[in-house]
Amino acid sequence: MRSRIFTWLGREFVELNGEAKSAANAGIETQQLFHTFNRELSSHGLSLDHTVRSRLWGRDRQSRDLGSVERVKILSGKARSASSSYIAPAHFDSSASVALDLIAMRPTMAGAQKHIVEYEPPIAPIRFLVYDSVVVLSGVTTVLPTLAEQFDNIFPRITGSLADAKTAWEKVVRVSFYLHRSQSLDHLKALFSRHVSAKIPQLEYCFVDGYSSEGKFCEVEVTATL
């Protein structure tokens, strides 16, 4: 496991990254990894309740699916937070079936509470959260025939979530793209520029092999401020 403490947006964050120890199945691996993460967060005076984003990596679809089921159980209640999940065998340096990235935030105001906005009807990922003036959207994706058509669906939905959070693209501080290996990064950049004219301080790109269902070509994670 790797632990990193950093300041960003005037707040302190703890980022944890780790691959599970190989176990009987991906569900057990996920449970054990979250237990390790919670112990590490406790050493910094935090807990899983301070999670703002988690990202689950599966070696294959079955691992991704089993891991996601356990994550929903563990990151519930006050720990509910923005999420995404990907299939990417090349992500692993060990024999593990599941890996996790988790970002927890120490709020500047004691007693600050996360405001969770769900999809209607609610589904496993939340739509977005607002926590101490930071807005964190779950990964947004869809199934349509082409990347261009998917972006025509994805970006209006992100714009709507930002508006509902009382923020806008001009307040977005990071956009992370998880692009299917079959797609072109140059094509993604050209499509994105058609949808968003605001200058985003940080853009991230990562290639993956799969998502929660077949037919997706990209998942987009967004972080903003109020």
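Described below are features of the structure shown in this document. (Residues numbered from 1 in each chain as written. Predicted model: local features only at pLDDT ≥ 70, side-chain atom pairs only at ≥ 80, totals over all residues. Heavy atoms only, no water.)

Proteins that are soluble and globular tend to have nonpolar side chains buried together. Residues Phe151, Phe155, Ile158, Trp169, Phe177, Val220 and Val222 are the most contacted members of the largest nonpolar core, which totals 29 residues. Of all the secondary structure elements, the ones that give two or more residues to this core are strand 7 (128–131), strand 8 (134–137), helix 3 (147–164), strand 9 (172–180), helix 4 (185–195) and strand 11 (218–225). Of all the elements, helix 3 adds the most residues to this core, at six residues. By size, the runner-up hydrophobic cluster in this structure holds 26 residues, among which are Phe37, Leu75, Ala88 and Val98. (Core = buried A, V, L, I, M, F, W, Y, C linked by side-chain atoms within 4.5 Å. Buried < 20%, exposed > 50% of the residue type's maximum accessible area, 1.4 Å probe, protein only. Helix = DSSP H or I, 4+ residues; strand = E, 2+ residues; numbered from the N terminus.)

The strand order across the open sheet built from six strands is 6-7-8-11-9-10, with neighbouring strands paired in mixed fashion. Each end of this open sheet is capped by a strand with a single partner; those strands are strand 6 (115–117) and strand 10 (203–208). The average angle at which neighbouring strand axes cross in this sheet is 15°, direction not considered. Of the pairings in the sheet, the one linking strand 8 to strand 11 comprises three bridges and is antiparallel in character. Looking at strand 11, one finds that valine 136 is bridged to threonine 223. In the packing of helix 3 onto the sheet, the strands contacted are strand 7, strand 8, strand 9 and strand 11, and the crossing angle to strand 11 comes to about 20°. Against the sheet, helix 4 touches strand 9, strand 10 and strand 11, its axis set at about 135° to strand 10. (Pairing = 2+ DSSP bridges. Axes fitted to C-alpha atoms, helices over the stretch in contact; angles between N-to-C directions. Contact = heavy atoms within 4.5 Å.)

This part is about the pattern of salt bridges. Scanning all chains against the criterion turns up 13 salt bridges. Its salt-bridge partner being glutamate 12, residue arginine 106 comes within 2.9 Å of it at the nearest N-O pair. Here the residue arginine 106 occupies a position in strand 5 (residues 98–106), and glutamate 12 occupies one in strand 2 (residues 11–19), the gap between them amounting to 94 residues. Accessibility expressed as a relative area gives 29% for arginine 106, which makes it partly exposed. In the salt-bridge network here, residues are joined through shared partners; they are Arg53, Arg55, Asp101 and Glu221. (Salt bridge = Lys/Arg side-chain N within 4 Å of Asp/Glu carboxyl O.)

Assignment of secondary structure puts lysine 216 in the loop between strand 10 and strand 11. Buried charge without a partner: lysine 216 forms no salt bridge, and the closest opposite charge is glutamate 219, 5.3 Å away. Within polar-contact distance, the side chain of lysine 216 engages the side chain of serine 212 at 2.6 Å. Contact partners of lysine 216, with chain neighbours within four places excluded, come to Thr141, Thr142, Val143, Gln150, His180 and Tyr211. (Lys, Arg positive; Asp, Glu negative; His and termini not counted. Polar contact = N/O pair within 3.5 Å; in protein donor to acceptor, adjacent residues only side chain to side chain.)

It is the contact of helix 3 with helix 4, at a shortest axis distance of 10 Å, that shows an interaxial angle of 35°. Crossing of helix 3 against helix 4: the hand is right-handed. In contact with Leu147, Ala148, Phe151, Asp152 and Phe155 of helix 3, helix 4 contributes His187, Leu188, Leu191, Phe192 and His195. The residue inventory of the contact of helix 3 with helix 4, partitioned by class, reads seven nonpolar, two polar and one charged. (Left-handed = near helix turned anticlockwise from the far one by under 90°. Nonpolar A, V, L, I, M, F, W, Y, C, P; charged D, E, K, R; others polar.)

Within the structure shown, the criterion is met by 13 aromatic pairs. Taken together, a centroid distance of 4.4 Å and an interplanar angle of 15° make the contact between tyrosine 86 and tyrosine 178 stacked. Placement of tyrosine 86 in strand 4 (residues 82–87) and of tyrosine 178 in strand 9 is noted, with a sequence separation of 92 residues between them. Residue classification places tyrosine 178 among the buried residues on the basis of a relative accessible area of 6%. (Phe/Tyr/Trp six-rings, centres within 6.5 Å; stacked < 30°, edge-to-face > 60°.)

Attention shifts here to helix 1 (residues 26–42). If you check helix 1, its first and last C-alpha atoms are 24 Å apart, about what 17 residues at 1.5 Å a residue would give, namely 24 Å. What helix 1 keeps buried is the set Ala26, Gly27, Glu29, Thr30, Leu33, Phe34, Phe37 and Leu41. Viewed end-on, helix 1 has its buried residues packed into an arc of 150°, placing them on one side of the element. In the core, the buried residues of helix 1 are packed alongside strand 2, helix 2 (61–74) and strand 5. (Expected span 1.5 Å × (residues − 1). Arc of directions from axis to C-beta.)

Shape descriptors only; they carry no functional weight alone.
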